[in-house]
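Listed below, chain by chain, are the residues.
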Amino acid sequence: MTPLRNPVFCALDTTDLNKATRMAARIGDTVGGIKLGLEFFTAQGRKGVEQVRKAGDAPLFLDLKFHDIPNTVAGAIRAATQLKPAIVNVHAAGGRVMMEAAARAATEAAEEFLVPRPLVLAVTVLTSMDDEDLAGTGVDRPVPDQVRALAELAQNSGMDGVVCSPHEASVLRADRGSAFKLLCPGVRPHGSAPDDQKRIMTPAEALEAGADYLVIGRPITAHQDPEGAAQSIIADLPKPAAPAGNTEDET
Ligand SMILES: O=C(O)c1cc(=O)[nH]c(=O)n1[C@@H]1O[C@H](COP(=O)(O)O)[C@@H](O)[C@H]1O
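Remember, it's a predicted structure, so these values are computed and weren't measured experimentally.

Parameters at a glance
- Residues numbered from 1 in each chain as written.
- Predicted model: local features only at pLDDT ≥ 70, side-chain atom pairs only at ≥ 80, totals over all residues.
- Helix = DSSP H or I, 4+ residues; strand = E, 2+ residues; numbered from the N terminus.
- Rg over C-alpha atoms; globule rule 2.2 N^0.38 Å.
- Buried ≥ 20, exposed ≤ 12 C-beta atoms within 10 Å, placed from the backbone.
- Pairing = 2+ DSSP bridges.
- Axes fitted to C-alpha atoms, helices over the stretch in contact; angles between N-to-C directions.
- Contact = placed C-beta atoms within 7 Å.
- Near = placed C-beta within 6 Å.
- UniProt positions renumbered as here; feature names shortened; annotations may be inferred.
- Right-handed = clockwise from strand over helix to strand, strands pointing away.
- Left-handed = near helix turned anticlockwise from the far one by under 90°.
- Expected span 1.5 Å × (residues − 1).
- Arc of directions from axis to C-beta.
- Core = buried A, V, L, I, M, F, W, Y, C linked by C-beta atoms within 7 Å.

### Remarks on the overall build of the protein chain
Then step 1. Along the protein chain, the regular secondary structure elements total ten helices and eight strands.
Then step 2. In terms of overall size, the protein chain behaves like a compact globule, its C-alpha atoms giving a radius of gyration of 18 Å where 251 residues would be expected to give roughly 18 Å.
Then step 3. Here the protein chain, with 251 residues, has 42% of them falling under the buried criterion.

### A closer look at the sheet that holds strand 2 (residues 33-37)
Two modes of strand pairing occur in sheets, parallel and antiparallel, and in both the strands are linked by backbone hydrogen bonds.
Then step 1. Judged by pairing direction, the barrel is parallel, and its eight strands sit side by side in the order 1-2-3-4-5-6-7-8 before closing back on the first. On average, each strand axis in the sheet is inclined to that of its neighbour by 25°, with strand direction left out of account.
Then step 2. By the bridge criterion, three bridges tie strand 3 (residues 60-66) to strand 4 (residues 87-91) in an arrangement that is parallel. In the sheet register, Leu62 faces strand 4, and the bridge partner there is Val88.
Then step 3. Packing against the sheet, helix 7 (residues 166-176) makes contact with strand 6 (161-163) and strand 7 (181-184), and its axis sits at approximately 170° to strand 7.

### Focus: the site of the ligand
Then step 1. The full set close to the ligand counts 18 residues, and Ala11, Thr127, Pro185, Gly217 and Arg218 are the nearest of them.
Then step 2. Contributing elements (two or more residues each) for the shell around the ligand: strand 3 and strand 8 (213-216).

### Concerning the UniProt feature "active site" (unreviewed entry) in the protein chain
Then step 1. Residues given the UniProt feature "active site" (unreviewed entry) here are Asp63, Lys65 and Asp68.
Then step 2. Note on Asp63: 25 C-beta atoms within 10 Å, which makes it buried.
Then step 3. Among residues more than four places away in sequence, those in contact with Asp63 are Lys35, Leu36, Gly37 and Asn89.
Then step 4. Turning to its location among the elements, Lys65 is positioned in strand 3.
Then step 5. Not counting the four nearest positions on each side in its chain, Lys65 is found in contact with Leu38, Asn89, Val90, His91 and Val123.

### Re the pairing of strand 7
Then step 1. Alignment of strand 6 against strand 7, held across three bridges, turns out to be parallel. Counterpart to Gly161 in the pairing with strand 7 is Lys181.
Then step 2. Handedness of the crossover is the feature at issue here: the chain leaves strand 6, passes through helix 7, returns alongside strand 7, and the resulting connection is right-handed.
Then step 3. As paired strands, strand 7 and strand 8 are joined by two bridges and run parallel to one another. Paired with Cys184 across the two strands is Leu214, which belongs to strand 8.
Then step 4. Taken together, strand 7, helix 8 (residues 203-209) and strand 8 form a β-α-β motif whose crossover is right-handed.

### Describing the packing of helix 3 (residues 70-81) against helix 4 (residues 96-113)
When two helices pack together, their arrangement is given by the angle between their axes and by how far apart the axes lie.
Then step 1. Close contact between helix 3 and helix 4 brings their axes to 8 Å; oriented N to C, the two are set at 30°. When the axes of helix 3 and helix 4 are compared, the crossing they make is right-handed. Between helix 3, through Pro70, Val73, Ala74, Ile77, Arg78 and Thr81, and helix 4, the contact on the second element is made entirely by Val97, Met98, Ala101, Ala102, Arg104, Ala105, Ala106, Ala109, Ala110 and Phe113.

### Examining helix 3
Then step 1. The end-to-end C-alpha separation of helix 3 is 16 Å, in line with the 16 Å expected for twelve residues at 1.5 Å each.
Then step 2. Along helix 3, the positions that sit buried rather than exposed are Val73, Ala74, Ile77, Ala80 and Thr81. Angular distribution of buried residues about the axis of helix 3 spans 125°; they occupy a single face of the element.
Then step 3. Where the residues of helix 3 are buried, they touch strand 3, strand 4, helix 4 and strand 5 (119-123).

### Some points on the nonpolar core
The nonpolar side chains of soluble globular proteins are, as a tendency, buried together.
Then step 1. Core analysis: the largest hydrophobic core is formed by 71 residues, its most contacted members being Cys10, Ile77, Ala102 and Val162.
Then step 2. With eight residues, the single largest contributor to this core is helix 4.

### Re the environment of Ala105
Then step 1. Counting through the fold element by element, Ala105 comes out in helix 4.
Then step 2. Residues within four places of Ala105 in sequence aside, it is in contact with Ala74, Ile77 and Arg78.

### Description of unusual backbone geometry
Then step 1. Phi is positive for Lys84, which is not a glycine, with a value near 60°.
Then step 2. Relative to the helices and strands, Lys84 is located in the loop between helix 3 and strand 4.
Then step 3. Assessed through the 17 C-beta atoms surrounding it within 10 Å, Lys84 is described here as partly exposed.
Then step 4. Within the chain, Asp195 stands out as a residue other than glycine whose phi angle is a positive 55°.
Then step 5. By the element assignment, Asp195 lies in the loop between strand 7 and helix 8.
Then step 6. Under the C-beta neighbour-count criterion, Asp195 is labelled partly exposed, with 13 such atoms within 10 Å.

And the structure:
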């Protein structure tokens, strides 16, 4: 993936094409990337995605969270790859064979259609869920244990990284190494409402915990000044460490 200007993907969760296009035009050159997900795609489809990405001129995370039999997911990844997203995703709970098929489909589609290969990430446990919600699905271990197990499965199945909450970022960074991408929603600047998110941290805390990318939606899009909100979130991020050997001569 080409380097981003910063790690923040802004989620444009709306069914309204004009609203999404206007928002992309307003914040597209401030944020690191734009995320379009199920709400927008179900209403506006591929043409809508193309229109928003032209308006925003920022890398696209196409968040469709595929979870189906391997053949169906491979076909969906193939179709998604043609839209030239930087990132696509599937649910890790779809299992090893499904994730292997997804990774292979991204590689093959990129070669066939002469487009960049997107990163394929696996969603572990949704950031809107806590232990009780997870237990309700029949999984009795605590959320962090389930996230660690799904991340291991995802890495062994050829995923480029996972979607997790910032709460799990530091342990996954230690478990899975520095090359495995960690993309974290569930990010809220100080003073923002959690909304339906249950495992949250601030943008700075999430990056310090080891996140590579942050997904932030409503704290920007529902703000009365979305550009200002995005700029202030980005200004407060810790600066990346300078490369080794690049220290200034202080004499
Ligand atoms: O895959 C995702 O992007 C995702 C995974 C997850 O576990 N939690 C989560 O919130 N998301 C997405 O991240 C965005 C978060 O939006 P806000 O809660 O408005 O910041 C939404 O578009 C969600 O669909």
